[in-house]
Amino acid sequence: MFGTVTAFLAILMVLALRNLAKAALMPVYAVRDIHRGRYVRGLVLLSCSGLAAWSIWTMTHTTRNAAAPVAAVMYTG
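Residues numbered from 1 in each chain as written. Predicted model: local features only at pLDDT ≥ 70, side-chain atom pairs only at ≥ 80, totals over all residues. Heavy atoms only, no water.

Caption draft 1: Highlighting the overall build of the protein. When helices and strands are tallied, the protein shows 4 helices and 0 strands. What you see in the protein, going N to C, is helices and strands ordered as α-α-α-α. With 77 residues in all, the protein has 6% of them scored as buried. Entry remark: accessible area of the protein is about 6,900 Å², with carbon and sulfur atoms responsible for 73%. (Helix = DSSP H or I, 4+ residues; strand = E, 2+ residues; numbered from the N terminus. Buried < 20%, exposed > 50% of the residue type's maximum accessible area, 1.4 Å probe, protein only. Areas by Shrake-Rupley, 256 points an atom, 1.4 Å probe, with all protein chains shown as cover.)

Structural data, given as structure tokens:
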């Protein structure tokens, strides 16, 4: 039983790493396609990779909330 679960998790890990490698190489594929004359496919891949990079950046670089003044925190009305 433990070996079956381990093998299943290993297969899932390999598939996840494969997809991660494909995503990392997407800009390379886009430039290759544009160079070969497949402009629409290349531009779509390039825009998808840009959108993915932007979404990852926005998730990891969140802004800090400004601290409330002490008087506003202490005021009870």
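On we go from here.
Caption draft 2: Geometry of the UniProt feature "transmembrane region" (unreviewed entry) in the protein. Mapped onto this numbering, the UniProt entry gives "transmembrane region" (unreviewed entry) at residues 39–57. Summarising residues 39–57: 100% helix, 0% strand, and an end-to-end C-alpha distance of 27 Å. (UniProt positions renumbered as here; feature names shortened; annotations may be inferred.)

Caption draft 3: A look at the side chain of Ser49. Positionally, Ser49 belongs in helix α3 (residues 39–60). Within the structure, the side chain of Ser49 is placed 2.8 Å from the backbone oxygen of Leu46, a separation counted as a polar contact. The residues touching Ser49, leaving out its near neighbours within four places in the chain, are Met26 and Pro27. (Polar contact = N/O pair within 3.5 Å; in protein donor to acceptor, adjacent residues only side chain to side chain. Contact = heavy atoms within 4.5 Å.)

Caption draft 4: Here's a closer look at the pattern of salt bridges. Taken as a whole and assessed by the stated rule, the structure comprises 3 salt bridges. We note a salt bridge from Arg32 to Asp33, for which the minimum N-O separation is 3.6 Å. Owing to a relative accessible area of 32%, Arg32 belongs among the partly exposed residues under this scheme. Several salt bridges share partner residues, and in doing so they unite Arg32, Asp33, Arg38 and Arg41 into one network. (Salt bridge = Lys/Arg side-chain N within 4 Å of Asp/Glu carboxyl O.)

Caption draft 5: Just the packing of helix α1 (residues 2–24) against helix α2 (residues 26–35), in detail. Viewed as axis vectors pointing N to C, α1 and α2 meet at an angle of 45°, and their least axial separation amounts to 4 Å. When the axes of α1 and α2 are compared, the pair comes out oblique. Facing Lys22, Ala23 and Ala24 of α1, the residues of α2 in contact are Met26, Pro27 and Tyr29. By residue class, the composition of the contact of α1 with α2 is 5 nonpolar, no polar and 1 charged. (Axes fitted to C-alpha atoms, helices over the stretch in contact; angles between N-to-C directions. Parallel < 35°, antiparallel > 145°, perpendicular 65-115°, else oblique. Nonpolar A, V, L, I, M, F, W, Y, C, P; charged D, E, K, R; others polar.)

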